[in-house]
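Structure at a glance
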Amino acid sequence: MSRIARFLGGAAPVALRATPPRYFGPDERAVRRGLGGLAFLLASVLASGVAAQATGDLGLVVERASGALLVVDQSERAALGRIEGLGDLSHASLVYSPDERFAYVFGRDGGLTKVDILERRIVARVMQAGNSIGGAISDDGRYVAVSNYEPGGVRVFDADTLAPVADIPTGGKTIGLVDIPGTRFVFSLWDQGETWIADLSGKAPQITKITGMGENPYDALVTGDGRTYIAGLFGADHLTALDLWQDPPQPKPILPGYAEGRAGLPVYKMPHLEGWALAGTDFALPAMGQHEVLWVDARSLEESGRTAVYGQPVFAMARPDGRQVWVNFAHPLNDTIQVIDTLSKQVIHEFKPGPGVLHMEFTPRGHEVWLSVRDAGRVMVYDTETFEKLREIEADSPSGIFFTARAHKTGL
Amino acid sequence: MNRLALLLALLGAPAWAEPDAQALARLVHQDCGSCHGLSLKGGLGPDIRAVSLGHHDRESLQAVILDGIPGTPMPPWRPLLSAAEAAWIADYLLKGEDE
């Protein structure tokens with residue numbers, strides 16, 4: 001994108017949105033002239049190819065120390081600008097509106113902020129809780145749900161205005177909140193070991209409670225088809241899966257006793273589970289307290305292998321085509337990335353981008369990967385076939401990287 | 001070569017050395033912050049700002065840091081931190097000057 005496109009891109013939507021009310025004046029001819037002028041302007045702008053800035057290859061990088069978001073362009077491998085004033089963004093995550101223009105940012109301090117990527121500004125912000133952990137947007141784009149540690153529970157907001165829509169108290173911390181088809185959200189209860197499904201398709205939320213998920217679920221994922229929900233457990237030596245196509249879903253332990261007979265290592269950072277776990281026909285899952293990535297057959301949910309890795313995995317992310325799984329590690333081994341080949345389940349590449357590799361994000365088709373290297377103050381872009389470093393982008397304590405293509409994925 | 005060895009010896013951190021305040025403060029916010037929040041207001045783990053640590057003294061806090069709290073996600077930091085470093089962190093948290 002050229003510099004002029006970037007400049008006009010921000011300005012054009014503002015003008016278009018702000019002007020229509022003025023045309024409903026008494027002088028109809030003036031109105032027609034106005035509309036004609038606008039059409040001419042639009043046509044000429046369109047002809048020059050800079051009418052609008054498409055957002056399909058944009059993204060946001062969380063700058064956690066400064067409470068800002070860096071707007072990035074994935075194709076240009078460049079930072080375009082910054083959105084500031086978002087509060088405490090440690091452990092922040094975000095989701096996108098279906099049109100990929102707005103992002104909803106879930107701050108650790110309980111702030112829910114809606115930002116406009118094109119105008120690079122905050123559109124709306126509410127302090128919805130004392131302490132929150134993540135969120136999701138409904139399949140129809142109408143609702144944004146936030147998972148809270150303090151006071152616990154899940155709160156649901158109107159995606160346009162951030163007005164409160166529903167409050168779902170749970171009596172404790174909630175984790176692993178995801179969206180599934182049917183205007184539903186699924187989340188788990190850390191203290192009670194339950195998973196709840198909240199159906200928001202009607203007037204009031206309908207809640208389905210599934211007990212017996214296991215002790216202390218710390219995070220969960222849902223597959224891209226919205227069918228399989230997998231919760232990781234801090235307090236038990238297995239994970240638990242739900243087939244959400246069942247009614248009601250029955251908890252099924254997977255990888256039972258995966259660490260049996262082996263001392264669990266101190267866990268300095270909880271692993272993350274997200275919808276990118278499916279690699280080919282298997283799930284690749286980070287082991288808790290072990291230097292291992294665990295493989296599970298996606299159909300039978302039986303163990304299909306283990307890969308010894310450098311440290312305790314935080315993220316085990318399948319490249320979008322599933323052919324590779326990229327793994328980063330917990331403190332103090334968080335300077336290293338390993339790449340696992342999905343077919344052989346062997347580590348095929350290892351490198352050290354620098355201390356504090358906190359997050360990875362693949363381009364939508366996986367040809368490149370962006371890494372946040374916190375202590376270097378850089379986002380680093382790599383080719384996923386040659387592993388060549390293509391670019392470094394300056395960022396202030398970068399953590400999460402989120403490309404807009406997530407808008408069209410269930411569970412991300 | 002000798003100079004390099006001397007430099008390395010000076011740069012290395014022997015057990016009796018003064019804790020590296022800058023590195024430890026960073027660790028508190030970045031790594032303790034994984035669970036307790038970058039601003040230490042809590043997350044999966046509790047609020048560990050000075051106002052919330054009234055029930056702790058330096059020794060009990062140092063013990064929690066070194067040995068963790070069994071049955072909870074609070075891990076033992078003894079594999080990574082010396083007793084002096086844990087005491088420094090305990091003081092740092094109780095003083096709470098970073099608020």
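As annotated in an unreviewed UniProt entry, chain A is Cytochrome D1 heme domain protein from Roseovarius mucosus DSM 17069.

All names here are of chain A. Overall, the coordinates contain 25 salt bridges over all chains when judged by the stated rule. Here D341 ties to R323 by a salt bridge, and the two come within 2.2 Å at their closest N and O atoms. With D341 in strand β26 (residues 337-341) and R323 in the loop between β24 (313-318) and β25 (324-329), the pair connects residues that are 18 residues apart, well separated along the chain. Assessed through its relative accessible area of 37%, R323 is described here as partly exposed. The salt bridge partner of E392 is K389, with a shortest N-O separation of 2.6 Å. The exposure class of E392 is partly exposed, given its relative accessible area of 36%. Among the charged side chains, a salt-bridge network with shared partners connects R101, D116, E119 and R121.

With that out of the way, let us pick up the state of the cysteines. Using the criterion set out here, one finds zero disulfides over all chains in the structure. Note on C32(B): no disulfide assigned, nearest cysteine sulfur contributed by C35(B) at a separation of 9.2 Å.

Take the side chain of T174(A) next. Residues and elements named next belong to chain A. Among the structural elements, T174 can be located in strand β12 (residues 174-180). Overall, T174 belongs to the buried group, its relative accessible area being 0%. At 3.1 Å, the side chain of T174 and the backbone nitrogen of N148 are in polar contact. Apart from the residues within four sequence positions on either side, T174 is in contact with I133, S147, N148, Y149, G153, V154, F187, S188 and L189.

What follows is about the confidence of the model for chain B. Low pLDDT marks regions whose predicted coordinates should not be analysed in detail. The predicted model of chain B has a mean per-residue pLDDT of 84, with 80% of residues at 70 or higher. Below a pLDDT of 50 lies the segment residues 4-15 of chain B, which in the model reaches zero contacts outside its immediate sequence neighbourhood of four places, other chains included.

What follows is about the sheet that holds strand β27 (residues 347-351) of chain A. Residue and element names in this part refer to chain A. If you trace the four strands from one edge of the open sheet to the other, you get β24-β25-β26-β27, paired in antiparallel fashion. Either end of the sheet is taken by a strand with one partner, and the two such strands are β24 and β27. Going across the sheet, the axis of each strand differs from the next one's by a mean of 20 degrees, ignoring polarity. Across four bridges, the pairing between β26 and β27 is antiparallel. Across the sheet, Q338 pairs through a bridge with E350, a residue of β27.

All names here are of chain A. By volume, the largest pocket amounts to about 820 Å³. Lining the largest pocket are 35 residues, and of these T223, G224, G275, W276 and L278 lie nearest its centre. Of all the secondary structure elements, the ones that give two or more residues to the lining of the largest pocket are β18 (239-243), β24 and β28 (357-362). In the lining of the largest pocket, the residues fall into 16 nonpolar, ten polar and nine charged.

Residue and element names in this part refer to chain A. Pairing is antiparallel in the open sheet, where four strands are placed in the order β4-β5-β6-β7. The sheet terminates laterally at β4 (93-96) and β7 (121-127), the two strands that pair on one side only. Within the sheet, the average angular offset between the axes of one strand and its neighbour, ignoring direction, is 20 degrees. Of the pairings in the sheet, the one linking β4 to strand β5 (residues 102-106) comprises four bridges and is antiparallel in character.

The next thing to look at is the nonpolar core. Counting 26 residues, the largest nonpolar core has Y258(A) and L285(A) as its most contacted members. Elements with a minimum of two residues in this core: β16 (217-222), β18, β21 (282-286) and β22 (292-297) of chain A. Apart from residues lying up to four places away in sequence, Y258(A) is in contact with D237(A), H238(A), L239(A), A287(A), M288(A), L294(A) and R306(A). Grouped together as the second largest cluster of nonpolar side chains are 19 residues, L24(B), L53(B), L81(B) and I89(B) included.

This part takes up the interface of chain A and chain B. Contact residues are listed per partner, giving 21 residues for chain A and 22 residues for chain B. In this assembly, chain A packs against chain B so that about 1,800 Å² is buried in total across both faces, 55% of it on carbon and sulfur atoms. Three residues, R108(A), Y268(A) and H331(A), lead the burial of chain A against chain B; their summed loss comes to 29% of the area buried on that side. Our count for the chain A to chain B interface comes out at one salt bridge. Of the charged contacts in the structure, one is a salt bridge between R26(B) and D375(A), with a shortest N-O distance of 2.5 Å. At the boundary of chain A and chain B, one finds eight residue pairs in polar contact (both at pLDDT 80 or more). Its residues assigned to classes, the side of chain A that touches chain B comprises nine nonpolar, five polar and seven charged.

Rules used throughout
- Residues numbered from 1 in each chain as written.
- Chains lettered and ligands numbered in written order.
- Predicted model: local features only at pLDDT ≥ 70, side-chain atom pairs only at ≥ 80, totals over all residues.
- Heavy atoms only, no water.
- Salt bridge = Lys/Arg side-chain N within 4 Å of Asp/Glu carboxyl O.
- Helix = DSSP H or I, 4+ residues; strand = E, 2+ residues; numbered from the N terminus.
- Buried < 20%, exposed > 50% of the residue type's maximum accessible area, 1.4 Å probe, protein only.
- Disulfide = S-S within 2.5 Å.
- Polar contact = N/O pair within 3.5 Å; in protein donor to acceptor, adjacent residues only side chain to side chain.
- Contact = heavy atoms within 4.5 Å.
- pLDDT = per-residue confidence, 0-100.
- Pairing = 2+ DSSP bridges.
- Axes fitted to C-alpha atoms, helices over the stretch in contact; angles between N-to-C directions.
- 1 Å grid on protein atoms, 1.4 Å probe; cavity = no way out; pocket = protein on both sides within 12 Å on 5 of 7 lines; lining within 4 Å.
- Points joined across faces, edges and corners; volume = space filled by probe spheres on them.
- Nonpolar A, V, L, I, M, F, W, Y, C, P; charged D, E, K, R; others polar.
- Core = buried A, V, L, I, M, F, W, Y, C linked by side-chain atoms within 4.5 Å.
- Buried area = accessible area lost by both parts, 1.4 Å probe.

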